[in-house]
Amino acid sequence: MKSLSITGLILLAVSALLFYLTTDFTVGGITISHMMGVMAGVGIGLIIGGMVGYVSKGSAIKAEEKRKEFKQLQKDKEELEKQAAEIAKREEELQKQNQNPQI
């Protein structure tokens, strides 16, 4: 987004320079072709901005899904570790009971 803003500022400066060279910033010097150029520039800017926004939103959604999946995998791992610890504890208790029968 930063590079897109810099590009936009450069194009704005170029358009201001070209406008100054052709009209000297006088209202009487503005013609219909200038207005058509302004509208075309706005249209192109909106199209490019829409495409960049769509792509960046898609990337952000994919990154968020990956983060959620990673958190879920971490929770699953913790649960499995707890279950493994419980099973190991039960096996240890069973081994102690088999070694020391208290009849």
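Under an unreviewed UniProt entry, the name given to the protein is Lipopolysaccharide assembly protein A domain-containing protein, and the source organism is Chryseobacterium kwangjuense.

For the rest of this paragraph, the subject is a negative patch on the surface. Where like charges cluster on the molecular surface, the negative patch consists of Asp76, Glu78, Glu79 and Glu81. Looking at the secondary structure, you find Glu78 in helix 2 (residues 32-99). What makes Glu78 partly exposed here is its relative accessible area of 49%.

Attention shifts here to a nonpolar patch on the surface. A cluster of nonpolar side chains, Ile6, Ile10, Val14, Leu17, Leu18, Tyr20 and Leu21, forms an exposed patch at the surface whose accessible area comes to about 700 Å². Its location among the elements puts Tyr20 in helix 1 (residues 2-23). For Tyr20, a relative accessible area of 43% gives the class partly exposed.

What follows covers the pattern of salt bridges. As a working rule, side chains carrying opposite charge can pair if their charged atoms are close by. Tallying each qualifying case throughout the model produces three salt bridges. Between Arg90 and Glu86 there is a salt bridge, and its shortest N-O distance comes to 3.8 Å. Taken together, the positions of Arg90 and Glu86, both in helix 2 and four residues apart, correspond to about one turn of that helix. Residue classification places Glu86 among the partly exposed residues on the basis of a relative accessible area of 46%. Of the charged contacts, one joins Glu92 and Lys96 as a salt bridge, the two residues approaching to 3.6 Å between their closest N and O atoms. Pair noted here: Glu92 and Lys96 are both in helix 2, with a separation of four residues, about one helical turn.

Taking the UniProt record as the reference, the feature "transmembrane region" (unreviewed entry) is found at residues 32-56. Counted over residues 32-56, helix gives 100% and strand 0%. Its end C-alpha atoms are 36 Å apart.

Rules used in this analysis
Residues numbered from 1 in each chain as written. Predicted model: local features only at pLDDT ≥ 70, side-chain atom pairs only at ≥ 80, totals over all residues. Heavy atoms only, no water. Patch = residues over 30% accessible without salt bridge, like charges linked within 9 Å, V, L, I, M, F, W, Y side chains within 5 Å. Areas by Shrake-Rupley, 256 points an atom, 1.4 Å probe, with all protein chains shown as cover. Salt bridge = Lys/Arg side-chain N within 4 Å of Asp/Glu carboxyl O. Lys, Arg positive; Asp, Glu negative; His and termini not counted. Charge placed at Lys NZ, Arg CZ, Asp CG, Glu CD. Helix = DSSP H or I, 4+ residues; strand = E, 2+ residues; numbered from the N terminus. Buried < 20%, exposed > 50% of the residue type's maximum accessible area, 1.4 Å probe, protein only. UniProt positions renumbered as here; feature names shortened; annotations may be inferred.

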